[in-house]
Number of protein chains: 2
Amino acid sequence: MKETFNIDKEKHFSEWYSEIVAKAELADLRYNIKGFVVFMPWSAQIIEILYSLFEKELQSKGHLPSFFPALISEENFKKEAQHVKGFSPDVFWVTKVGETEIEKLALRPTSETAFYQMYNLWIRSYKDLPFKLYQRANIWRYETRATRPFIRSREFYWIETHNAFATKEEAEAQVQEDIKTTDKIMHQKLGIPFLPLKRPEWDKFAGAVYTIGSDSLLPDGRLIQQPSTHFLGQGFSKVFDVKFKDKDGQEKLVWITCYGPAMSRIVASIISMHGDNSGLVLPFIVSPIQIIIVPIYDAKSKKVVLEYAEKIKKDLEPLRVKIDDTEKKPGEKFYFWEMKGVPLRIEIGNMEIKNKQLTLFLRDERKKIKISEKNLSSEIQEQGRKLDERLKEKADKWFEKSIVDAESLEDIEEAIKNKKIARCNFCSTESAGERCSAIIEKELAADVRGSRGDKQEQPKGKCLVCGKKANVVVYVGKSY
Amino acid sequence: MKETFNIDKEKHFSEWYSEIVAKAELADLRYNIKGFVVFMPWSAQIIEILYSLFEKELQSKGHLPSFFPALISEENFKKEAQHVKGFSPDVFWVTKVGETEIEKLALRPTSETAFYQMYNLWIRSYKDLPFKLYQRANIWRYETRATRPFIRSREFYWIETHNAFATKEEAEAQVQEDIKTTDKIMHQKLGIPFLPLKRPEWDKFAGAVYTIGSDSLLPDGRLIQQPSTHFLGQGFSKVFDVKFKDKDGQEKLVWITCYGPAMSRIVASIISMHGDNSGLVLPFIVSPIQIIIVPIYDAKSKKVVLEYAEKIKKDLEPLRVKIDDTEKKPGEKFYFWEMKGVPLRIEIGNMEIKNKQLTLFLRDERKKIKISEKNLSSEIQEQGRKLDERLKEKADKWFEKSIVDAESLEDIEEAIKNKKIARCNFCSTESAGERCSAIIEKELAADVRGSRGDKQEQPKGKCLVCGKKANVVVYVGKSY
């Protein structure tokens, strides 16, 4: 690295994003199929860690892993009318094997229609319920909007859970539990605040009764949807005939929910939320290298310093720690690992060895502190925890200030101009409100993203578009 | 479970295999696309553990994770002549999006032609080498032979490594390292012995200079290929123009190897190798539940016994432990978890609590022993380790006896009849030997699987088919 990374993230976010994706070697966009990218080791390792966070959490909540085929028959795919209508234009179809035409098969854009035909076979009695599976999988959708690495592409890496219940109440409780799972991992652990928003009727998942998306904000004022959870009601269980014999001896349809956290999308928020003008800032919990050790030596001290660095590395394992013993100058190493977002750096030279005191660099504050060699591992874990806490607090403060009340279209316009989210009183998120939403979209290029999905907010007065009685508080913002 | 599992595995292996896959809920074959199955939680969890064993091992050997698209352009796919010839008939092609025809895209049957176009962009100098990436991925091949869950299907779950080197020697050393990786995990840890066999010229990976497969034996005397490693030479680097500037300033083509352990296939060997007439026997290291606790109580003792069971469970964590507190009778629980292959069972009743001595059932020997409550976790880990060691020893002994020397076609016939592998002197595994191989295949329905890939075996005398001078020792067996 001769050059150092230095782009004003706030002023030139889009450029900053593209540059850091390339410089930190997160993804390569030069793969020769449009909308498909290669995830390089630095982001692949982050994605693997995200998978393990989510899988552990889901397992603790009673979901079990499974693997379903990536191909879905056309017959299955067409069973649920709204679903097929919503997804059809985006589906990649397999129509040939070798030179031979076959009955066309959908490359899964999502797996409801793969899972529920099996639920039909597996679920028999109330004793089988709740029935909660998940799979780690990639899915494919032909996005027509501009693709952007991690934010939107035609292939993405997610987990999908599919859950069947005996009652509506249990199913809706699962939806609320999903919001808590998103909060626990994405917000509490990774420091990415979000609004759980119940989507308007015209923007819900194709085939759902309702959808609760998790909207995070990017620094350019655009909202991206993070893990969303869907209450599917009994629509799919009806068409796939997923019934169980209840305690009362009656055959009943199950109630279904599904939930889809996309690892690659979360990486977009990690990059955007925490990064600064010097590059990435990765939370300690998710960084592929948590501590980079930079030994500083001359020809005379090289052996002693490197040996000492090895000892420190051993002390810190199983934390993810690496010694940079390349031929580069210390300053170059500093810049390189700062740009890559490694949260903690330990510098070791003669002075540190003599004083049994290490120099610790905190990536988020770009500040050096001295720490004792004693209890090193627990001290470093504590510093990592504190760093993640600071990232979260900073993000929370910013996010809180980014939500402003709007009482008119002008207020919304002002909010959008200032890269914020507008909260406003609105007539309806049922189909009656679609006209008002269309006006906002047309005049301000902004979207009604929905109302709080985790709690009730009391509307006051009138809809700021049509002036009719407000029935709902909605959040309006620019979508990615 | 009213019924108990009881099929003579040795006599009726095929029936045994199908039944245990269904009864233990490993896979469901009723998915409505031929050749595609659903992996249910019990096998999905095993597959996840296998992935983590392989990923950890590969990372320790300097391979880094990455994710490449599942779709490959026709142009890329066709670049290497042998490769396209070998794979073309099996490729699933995506030709449509929604209702629109697109330029056809291959659903990857393997990813050489995805990786190496990027290696062309990424590798510049000898300093970039060795360059070792892997990805966890599924792949699709239209198998025309009969499919069988885990053994052969049209979608499978694997890891593929792709490695570039400056010299032929380093590349070939990687191939040998891959054999050691297979040995370390599949043989040492999972107790599945195998022969690393260099495939004959006519049976190598399409596009490779040579292939070393790992042949394991199923109880019915059929060989299945486990992880194989390929020395690709410079064929792919030539067509994808993957060059580096060497120390001497010259531009040179890299040498490439790849390696492909398939998790789903390894599950087939675990099922087949260790299972017995009562069902699965899972190695401790890979079982989703390592210890099942069965509490034995009456109405009076229920509370005390369950509390004690909870305490034991806590003591054993983070081992994978579960209490079966369902309403079934103890005997039913025993049969159920034996059939599922859980390696260790702890029985807890009044007597055990009083004596502070637990009853431990060893699944492989179907034997009960008493163990003290003291140092429980380390004792159980030791018992688990020993169980895995016993499984391996038993398998090794059987495998060793399954390899017999053959000096004539009649000897091979006899070996095959006895479900064994024949070792014989053979003219050549280069193209000159293909005729003799074809005779064996035609007359005995057996295949020349290759010669040792990890060491040199000295041939003696003449080829047992054509009578010409023997140049190689080969292994002949029935293929799956």
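Everything below is about the structure shown above.
Not measured: the values here are computed from a predicted model.

A. Spatial organisation of the relation of the copies chain A and chain B. When chain A is fitted onto chain B, the two copies agree to an RMSD of 0.0 Å after a turn of 180° and an axial shift of 0.0 Å. Overall, the copies show the geometry of a two-fold rotation axis. Measuring from the rotation axis to each C-alpha of chain A, the shortest distance belongs to Val94(A), at 2.1 Å. Comparing contact sets, 100% of the residues at the interface of chain A also lie at the interface in chain B, consistent with an isologous, same-surface contact.

B. Inspection of unusual backbone geometry at higher detail. All names here are of chain A. Between Glu317 and the following residue, Pro318, the backbone shows a cis peptide bond with an omega angle of 10°. Inspection of the secondary structure puts Pro318 in the loop between helix H9 (302-316) and strand E16 (321-323). Within the chain, Lys356 stands out as a residue other than glycine whose phi angle is a positive 50°. Since its relative accessible area comes to 53%, Lys356 is described here as exposed. Even without a glycine there, the phi angle at Arg366 is positive, about 50°. Take Arg366: it is sitting in the loop between strand E18 (357-362) and strand E19 (367-372). Judged by relative accessible area, Arg366 falls into the partly exposed class, the value being 41%.

C. Here's a closer look at the interface of chain A and chain B. Contact residues are listed per partner, giving 55 residues for chain A and 56 residues for chain B. Summed over both sides, the interface of chain A with chain B buries roughly 4700 Å², with 64% coming from carbon and sulfur. Counting the surface chain A buries against chain B, the share from its top three residues, Tyr31(A), Phe67(A) and Pro69(A), is 15%. For the pair chain A and chain B, the interface holds 0 salt bridges. Our count for the chain A to chain B interface comes out at 21 residue pairs in polar contact (both at pLDDT 80 or more). Inspection of the sheet shows strand E5 (residues 92-97) of chain A paired to strand E5 (residues 92-97) of chain B by 5 bridges, in the antiparallel sense. Residue pairing for E5(B): Trp93(A) is matched across the bridge by Lys96(B).

D. Examining the environment of Phe36(A) more closely. Here Phe36(A) is to be found in the loop between strand E1 (27-28) and strand E2 (38-39). In the structure, Phe36(A) is positioned 441 residues away from Gly477(A) in sequence and 27 Å away in space, judged by C-alpha atoms. Discounting residues that sit within four places of it in the chain, Phe36(A) has contacts with Tyr31(A), Phe92(A), Trp140(A), Arg154(A), Glu155(A), Pro69(B) and Leu71(B).

E. The arrangement of the sheet that holds strand E6 (residues 100-107) of chain B in detail. Taken in spatial order, the 6 strands line up as E4(A)-E6(A)-E5(A)-E5(B)-E6(B)-E4(B) in an open sheet, and their pairing is antiparallel. For this open sheet the edge positions go to strand E4 (71-73) of chain A together with strand E4 (71-73) of chain B, each flanked by a neighbour on one side alone. Averaged over all neighbouring strand pairs, the angle between strand axes comes to 50°, with direction disregarded. With 5 bridges connecting them, E5(A) and strand E6 (residues 100-107) of chain A associate as antiparallel partners. Residue pairing for E6(A): Trp93(A) is matched across the bridge by Ala106(A).

F. Broad picture of the environment of Pro109(B). All names here are of chain B. Tracing the backbone shows Pro109 in the loop between E6 and helix H5 (112-122). Using a relative accessible area of 0% as the deciding quantity, one classes Pro109 as buried. Residues Pro109 and Arg199, spaced 90 residues apart in sequence, show a C-alpha to C-alpha distance of 20 Å. Not counting chain neighbours up to four residues away, the residues in contact with Pro109 comprise Phe77, Phe87, Val91, Ile139, Trp140 and Arg141.

G. Main features of the pattern of salt bridges. Residue and element names in this part refer to chain A. The full count for this structure, using the stated rule, is 72 salt bridges over all chains. Across the pair Glu143 and Arg145 runs a salt bridge, and its minimum N-O distance is 3.4 Å. Taking the relative accessible area as the measure of exposure, Glu143 reaches 15% and is therefore buried. Relative accessible area serves as the criterion here: at 48%, Arg145 is assigned to the partly exposed category. The partner of Asp315 in a salt bridge is Lys311, with the nearest N and O atoms 3.0 Å apart. Pair noted here: Asp315 and Lys311 are both in helix H9, with a separation of 4 residues, about one helical turn.

H. Inspection of the sheet that holds strand E17 (residues 344-348) of chain A at higher detail. All names here are of chain A. The mixed open sheet is built from 5 strands, whose spatial order is E16-E15-E17-E18-E19. Only two strands of the sheet have a single partner each, and these edge strands are E16 and E19. Mean inter-strand twist for the sheet, computed between neighbouring axes without regard to direction, equals 25°. As judged from the 5 bridges shared by strand E15 (residues 291-295) and E17, these two strands associate in the parallel manner.

I. Molecular detail of the nonpolar core. In terms of nonpolar packing, the biggest core is built from 88 residues, with Tyr116(A), Tyr119(A), Tyr116(B) and Tyr119(B) touching the most fellow members. Once residues lying within four places of it in the same chain are set aside, the contact partners of Tyr119(B) are Phe131(B), Leu133(B), His162(B), Ala164(B) and Val242(B).

J. How the structure looks around a negative patch on the surface. Residues and elements named next belong to chain A. Residues Glu407, Glu410, Asp411, Glu413 and Glu443 make up a contiguous surface patch of negative charge. Relative to the elements of secondary structure, Glu413 occurs in helix H13 (residues 409-417). Note on Glu413: relative accessible area 47%, which makes it partly exposed.

K. Highlighting helix H8 (residues 263-274) of chain A. Residues and elements named next belong to chain A. Here H8 is 12 residues long and its end C-alpha atoms lie 17 Å apart, about the 16 Å a rise of 1.5 Å per residue gives. A large share of H8 lies buried, amounting to 12 of its 12 residues. Along H8, the residues that are buried comprise Met263, Ser264, Arg265, Ile266, Val267, Ala268, Ser269, Ile270, Ile271, Ser272, Met273 and His274.

L. Spotlight on empty space enclosed by the protein. A full pass over the atoms with the stated rule returns 3 cavities of 30 Å³ or more. By volume, the largest cavity is sized at about 170 Å³. Lining the largest cavity are 14 residues, with Arg136(A), Ala137(A), Asn138(A), Arg136(B) and Asn138(B) sitting closest to its centre. Elements with a minimum of two residues in the lining of the largest cavity: strand E7 (131-140) of chain A together with strand E7 (131-140) of chain B.

Criteria and cut-off values
- Residues numbered from 1 in each chain as written.
- Chains lettered and ligands numbered in written order.
- Predicted model: local features only at pLDDT ≥ 70, side-chain atom pairs only at ≥ 80, totals over all residues.
- Heavy atoms only, no water.
- Least-squares fit on C-alpha atoms with pLDDT ≥ 70 in both.
- Contact = heavy atoms within 4.5 Å.
- Helix = DSSP H or I, 4+ residues; strand = E, 2+ residues; numbered from the N terminus.
- Buried < 20%, exposed > 50% of the residue type's maximum accessible area, 1.4 Å probe, protein only.
- Buried area = accessible area lost by both parts, 1.4 Å probe.
- Salt bridge = Lys/Arg side-chain N within 4 Å of Asp/Glu carboxyl O.
- Polar contact = N/O pair within 3.5 Å; in protein donor to acceptor, adjacent residues only side chain to side chain.
- Pairing = 2+ DSSP bridges.
- Axes fitted to C-alpha atoms, helices over the stretch in contact; angles between N-to-C directions.
- Core = buried A, V, L, I, M, F, W, Y, C linked by side-chain atoms within 4.5 Å.
- Patch = residues over 30% accessible without salt bridge, like charges linked within 9 Å, V, L, I, M, F, W, Y side chains within 5 Å.
- Areas by Shrake-Rupley, 256 points an atom, 1.4 Å probe, with all protein chains shown as cover.
- Lys, Arg positive; Asp, Glu negative; His and termini not counted.
- Charge placed at Lys NZ, Arg CZ, Asp CG, Glu CD.
- Expected span 1.5 Å × (residues − 1).
- 1 Å grid on protein atoms, 1.4 Å probe; cavity = no way out; pocket = protein on both sides within 12 Å on 5 of 7 lines; lining within 4 Å.
- Points joined across faces, edges and corners; volume = space filled by probe spheres on them.

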